[in-house]
Amino acid sequence: MSRQRTIEKIMESEYVSIGELVRLTNTRYSTLKFYTEEGMLPFEQAETNLTRRFKREEAITRIEEIREMHQNGKTIPQIKELLQEPAKGQE
């Protein structure tokens, strides 16, 4: 098993693992895995080792958006629909 990167190294990285996102956002692993499986949290997957990589800044922003919508009473299907809209604020 590889050694965990420090928070400083993670914050310098463009890409992070799901485990590192857990540490950065204080979100449960199972929750982030669900978000990825539902297409709510985009990732890139390296073909060689099948590791999912997340763009750190985009992933953190997306997790915060999902968390805020959930706290405002939105359901998962509603959140998924809102996340698929091309641009927010064009109502």
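Scroll up for the structure.
Everything in this summary refers to the structure shown in the same document. Source: prediction; values computed, not measured.

Bringing the pattern of salt bridges into the picture now. Under the counting rule described, the total for this entry stands at seven salt bridges. A salt bridge links K80 to E38; the nearest nitrogen and oxygen atoms lie 2.7 Å apart. Of the two residues, K80 sits in helix α5 (residues 76-84) while E38 sits in the loop between α3 (29-37) and β2 (44-45), which places them 42 residues apart along the sequence. Classification of K80 by relative accessible area gives partly exposed; the value is 24%. Judged by relative accessible area, E38 falls into the partly exposed class, the value being 32%. Put simply, R56 and E57 hold a salt bridge, and the shortest N to O gap is 3.7 Å. What makes R56 buried here is its relative accessible area of 10%.

Bringing the sheet that holds β2 into the picture now. Backbone-to-backbone hydrogen bonds join strands into a sheet, with any given pair of strands oriented parallel or antiparallel. With respect to topology, three strands assemble into an open sheet ordered β1-β3-β2, the strand pairing being antiparallel. Each edge of the open sheet carries a strand with a single partner, namely β1 (15-16) and β2. Sheet analysis places β2 next to strand β3 (residues 52-55), joined by two bridges and oriented antiparallel. Across the sheet, Q45 pairs through a bridge with R52, a residue of β3.

Attention now goes to the packing of aromatic side chains. One pass over the full model with this rule turns up two aromatic pairs. When the ring of F34 is compared with that of Y35, the centres are 6.4 Å apart and the planes differ by 55°; the resulting orientation is tilted. F34 sits in the partly exposed class, given a relative accessible area of 33%. On the basis of relative accessibility, which here comes to 11%, the residue Y35 falls in the buried class. Across from the ring centre of F43, 4.6 Å away, lies the NZ or CZ of R52, which sits over that ring. For R53, the ring lying beneath its charged end belongs to Y15, and the centroid distance is 3.9 Å.

The next point concerns α3. Residues of α3 that are buried: L32, Y35 and T36. End-on, the buried residues of α3 take up no more than an arc of 100°, which puts them together on one face. Residues of α3 that are buried sit in contact with α2 (18-25), β3 and α4 (56-71). Note on α3: the residue one or two positions beyond its end, G39, has a positive phi of about 80°.

So, on to unusual backbone geometry. The phi dihedral of N26 is positive, around 55°, even though this residue is not glycine. Of note, N26 is situated in the loop between α2 and α3.

Calculation notes
- Residues numbered from 1 in each chain as written.
- Predicted model: local features only at pLDDT ≥ 70, side-chain atom pairs only at ≥ 80, totals over all residues.
- Heavy atoms only, no water.
- Salt bridge = Lys/Arg side-chain N within 4 Å of Asp/Glu carboxyl O.
- Helix = DSSP H or I, 4+ residues; strand = E, 2+ residues; numbered from the N terminus.
- Buried < 20%, exposed > 50% of the residue type's maximum accessible area, 1.4 Å probe, protein only.
- Pairing = 2+ DSSP bridges.
- Phe/Tyr/Trp six-rings, centres within 6.5 Å; stacked < 30°, edge-to-face > 60°.
- Lys NZ or Arg CZ within 6 Å of the ring centre and 35° of its normal.
- Arc of directions from axis to C-beta.
- Contact = heavy atoms within 4.5 Å.

Read these as geometric descriptors, not functional statements.
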